[in-house]
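Architecture at a glance
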Amino acid sequence: MRIGLVRHFKVNCPHKKFMTAKEFKEWTEKYERSKVMVKPVEMNGITWDICYVSNMPRAITTAKEVYGGQLYIEKLLREVDTAPFIHADKIKLPFEVWHIFGRIAWLFKWESQPETRQATRKRVRQFLAKIDYDNENILIVSHAFMIFNIQRELRRMGFRGNRFARVKNGVLYELVGTPPKKLVERCRKRKNRTREKQS
């Protein structure tokens with residue numbers, strides 16, 4: 001089985017070099033509403049059987065460009081939100097500091113972040129439990145931090161492939177492996193229940 005991971009296209013949302021906590025929060029809100037910059041994506045000639053995509057507009061726009069079939073929109077694939085790690089109105093810090101320390105705060109379970117590390121991992125596992133594993137080539141279009149966490153979980157399951165620490169916009173990453181039998185069995189039971197309800 002092959003699983004492809006694509007981060008949405010780059011978002012057209014410039015930022016100031018230095019920001020206060022309030023300005024960083026306002027920028028993150030603007031980022032959610034901004035348009036993406038579409039570009040060609042090398043999909044390596046693979047025929048993808050199914051595509052799961054985050055319910056955020058920037059991901060859906062990207063998925064429509066890289067996949068021609070029906071999209072399975074999944075809120076579990078939403079990005080892990082980041083928030084100012086400190087609330088000091090008069091202190092201006094570089095944009096990169098706000099962003100990086102927000103993720104460090106997530107890692108160390110600081111209360112400043114809207115989602116905990118455990119909640120993120122639970123969300124990833126819930127999504128992976130919903131995949132239709134009867135498909136051979138599965139495409140997932142999501143967000144940088146979410147993709148990073150998905151690939152970590154896939155590696156725990158035995159998948160191998162592209163190694164990456166920084167997830168680039170509009171780039172395909174591939175992992176190949178065999179999903180655990182319990183997930184495949186759950187998938188088939190779920191499909192059987194759906195067929196029974198429809199009959």
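Residues numbered from 1 in each chain as written. Predicted model: local features only at pLDDT ≥ 70, side-chain atom pairs only at ≥ 80, totals over all residues. Heavy atoms only, no water.

**A look at the side chain of arginine 155**
Within the secondary structure layout, arginine 155 lies in helix H5 (residues 144-156). For the buried arginine 155, no salt bridge is present, and the opposite-charge side chain at shortest range is glutamate 153, 11 Å distant. Once residues lying within four places of it in the same chain are set aside, the contact partners of arginine 155 are Arg160, Gly161, Asn162, Arg163 and Leu175. (Helix = DSSP H or I, 4+ residues; strand = E, 2+ residues; numbered from the N terminus. Buried < 20%, exposed > 50% of the residue type's maximum accessible area, 1.4 Å probe, protein only. Lys, Arg positive; Asp, Glu negative; His and termini not counted. Salt bridge = Lys/Arg side-chain N within 4 Å of Asp/Glu carboxyl O. Contact = heavy atoms within 4.5 Å.)

**With respect to a positive patch on the surface**
Together, Lys10, Lys39, Arg166 and Lys168 make up a region of like positive charge exposed at the surface. One can find lysine 10 in the loop between strand S1 (2-7) and strand S2 (18-19). (Patch = residues over 30% accessible without salt bridge, like charges linked within 9 Å, V, L, I, M, F, W, Y side chains within 5 Å. Areas by Shrake-Rupley, 256 points an atom, 1.4 Å probe, with all protein chains shown as cover. Charge placed at Lys NZ, Arg CZ, Asp CG, Glu CD.)

**Some thoughts on the packing of aromatic side chains**
Inspection of every chain in the model, using the stated rule, returns 12 aromatic pairs. Relative to tryptophan 27, the ring of phenylalanine 24 lies with its centre 6.2 Å away and its plane at 25 degrees, an arrangement referred to as stacked. Here phenylalanine 24 pairs with tryptophan 27, and both are found in helix H1 (residues 21-33), just 3 residues apart, close to one helical turn. Judged by its relative accessible area of 0%, phenylalanine 24 is buried. Three or more aromatic residues joined by ring pairs form one cluster here, namely Phe24, Trp27, Tyr31, Phe85, Phe95, Trp98 and Phe101. Seen from the ring of phenylalanine 145, arginine 103 lies directly overhead, with NZ or CZ sitting 4.1 Å from the centre. (Phe/Tyr/Trp six-rings, centres within 6.5 Å; stacked < 30°, edge-to-face > 60°. Lys NZ or Arg CZ within 6 Å of the ring centre and 35° of its normal.)

**Re the pattern of salt bridges**
Following the criterion strictly, the structure yields 13 salt bridges and no others. Bridged by salt links that share partners, the residues Arg121, Arg125, Glu153 and Arg156 form one connected network.

**Points about the nonpolar core**
Formed by 32 residues in total, the largest nonpolar core has its most connected members in Leu5, Tyr133 and Ile140. Those elements that place two or more of their residues in this core are S1, strand S3 (50-54), helix H4 (117-128), strand S6 (137-142), H5, strand S8 (172-176) and helix H6 (181-198). When residues of this core are assigned to their parent elements, the largest contribution, 6 residues, is made by H5. Non-local contacts of leucine 5, meaning those with residues more than four positions away in its chain, are made with Ile140, Ile147, Ile150, Gln151, Phe164, Val171, Leu172, Tyr173 and Leu175. Core analysis: the second largest hydrophobic core is formed by 30 residues, Val6, Phe24, Trp27 and Phe85 among them. (Core = buried A, V, L, I, M, F, W, Y, C linked by side-chain atoms within 4.5 Å.)

Fair warning: the whole summary comes from geometry, so function is off the table for now.
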